[in-house]
Amino acid sequence: MTLIVNSDGLCEPRNPCGGNTAGWSVMKDGQEVMYEARYLMEGEGSTNNFAEYMAIIRALAWVWKFELCGEEILFRTDSQLVIRQLEGKWAVKAESIRPHYERACRGLAPLKNYRLEWVRREQNVRADELSNIAYREHVQKHGQACVARQMRPRSGFTGGKP
């Protein structure tokens, strides 16, 4: 039976430089067998694309940890960019993303039978929910200070009207 891995990344309250989270869920025979909601980082270098890649990378780590490389696995995400890049259809233009792309490729390469599928957000509800849970829990634990810190203007911003 196919393992279905749904993953999602988030960068809030703004992209880039917001708080990054990753959420992923594994389904087998219609039952959720594993999930994770994890806060990753915030500030410089945090982008939505980074979070999307990290969600897949963390799910791949689970596949490897439990020696499931011979299983049939369907990886699904609502990030068309990540799917098309991993399929080799789109170039990786952002150098900041390249190491994460390469890490995901290394994790996928030895798998015996996997597929990648882009899905609409409405079809990725559980993974989206998990990435949002991780963000809310982080904000609750660390208070609004972390959100305010993330909302500071980027260097060079002078404010006011253009």
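The present account deals with the structure reproduced in this document.

The rules we used
- Residues numbered from 1 in each chain as written.
- Predicted model: local features only at pLDDT ≥ 70, side-chain atom pairs only at ≥ 80, totals over all residues.
- Heavy atoms only, no water.
- Buried < 20%, exposed > 50% of the residue type's maximum accessible area, 1.4 Å probe, protein only.
- Helix = DSSP H or I, 4+ residues; strand = E, 2+ residues; numbered from the N terminus.
- Arc of directions from axis to C-beta.
- Contact = heavy atoms within 4.5 Å.
- Axes fitted to C-alpha atoms, helices over the stretch in contact; angles between N-to-C directions.
- Parallel < 35°, antiparallel > 145°, perpendicular 65-115°, else oblique.
- Left-handed = near helix turned anticlockwise from the far one by under 90°.
- Nonpolar A, V, L, I, M, F, W, Y, C, P; charged D, E, K, R; others polar.
- Phe/Tyr/Trp six-rings, centres within 6.5 Å; stacked < 30°, edge-to-face > 60°.
- Salt bridge = Lys/Arg side-chain N within 4 Å of Asp/Glu carboxyl O.

Another aspect to go through is helix α3 (residues 98–108). Residues of α3 that are buried include every one of His 100, Tyr 101, Ala 104, Gly 107 and Leu 108, and no others. What you see down the axis of α3 is that its buried residues fit within an arc of 125 degrees, all on one side. In this fold, the buried residues of α3 make contact with α1 (48–65), β4 (72–77), α2 (80–87) and β5 (113–118).

Here Val 33 lies in strand β3 (residues 31–42). For Val 33, a relative accessible area of 44% gives the class partly exposed. With 30 residues separating them along the chain, Val 33 and Leu 3 place their C-alpha atoms 9.4 Å apart. Those residues within four positions of Val 33 in sequence are excluded, and the remaining contacts are Val 26, Lys 28 and Trp 62.

Where α1 meets α2, the axes come as close as 9 Å, and the angle between the chain directions of the two elements is 60 degrees. As summarised for this structure, α1 and α2 are arranged oblique, according to the angle between their axes. Pair α1 / α2 crosses with right-handed handedness. Here Asn 49, Glu 52, Tyr 53 and Ile 56 of α1 lie close against α2, whose contacting residues are Leu 81, Val 82, Gln 85 and Leu 86. Looking at the contact of α1 with α2, its residues break down into 5 nonpolar, 2 polar and 1 charged.

Next up on the list: the environment of Ile 56. Along the chain, the position of Ile 56 falls in helix α1. Considered as a pair, Ile 56 and Gly 9 are 47 residues apart in the sequence and their alpha carbons are 8.9 Å apart. Residues within four places of Ile 56 in sequence aside, it is in contact with Ser 7, Thr 77, Val 82 and Leu 86.

Following the criterion strictly, the structure yields 3 aromatic pairs and no others. Note on Phe 75 and Tyr 114: the rings are 6.4 Å apart at their centroids and 75 degrees apart in plane angle, and the pair reads as edge-to-face. Taken together, the residues Phe 75 in strand β4 and Tyr 114 in strand β5 connect sequence positions 39 residues apart. A residue is classified by how much of its surface remains accessible, and Phe 75, at 2% relative accessible area, is buried. Counting every residue linked through ring pairs, the aromatic cluster contains Trp 24, Trp 62 and Phe 66.

Another point: unusual backbone geometry. Residue Pro 13 is reached from Glu 12 by a cis peptide bond, and omega for that bond is 0 degrees. Structurally, the position occupied by Pro 13 is in the loop between β1 (3–12) and β2 (19–28). With an omega dihedral of 5 degrees, the bond running from Asn 15 to Pro 16 counts as a cis peptide bond. Among the structural elements, Pro 16 can be located in the loop between β1 and β2. At Asp 29, a residue that is not glycine, the phi angle is positive and equals roughly 55 degrees. Within the element layout of this structure, Asp 29 appears in the loop between β2 and β3. Take Asp 29: its relative accessible area is 52%, and that puts it in the exposed class. Its identity is not glycine, yet Glu 67 carries a phi of approximately 50 degrees, on the positive side. Looking at where Glu 67 falls in the secondary structure, it is placed in the loop between α1 and β4. The exposed category is assigned to Glu 67, whose relative accessible area is 71%.

Considering all chains together, one arrives at 9 salt bridges under this definition. Across the pair Glu 32 and Arg 126 runs a salt bridge, and its minimum N-O distance is 2.8 Å. On the criterion of sequence distance, the pair formed by Glu 32 in strand β3 and Arg 126 in helix α4 (residues 125–142) is long-range, its members being 94 residues apart. Arg 126 gets classed as partly exposed once you look at its relative accessible area, which sits at 28%. Salt-bridge contacts for Glu 95 lead to Arg 98; the nearest nitrogen and oxygen are separated by 3.3 Å.

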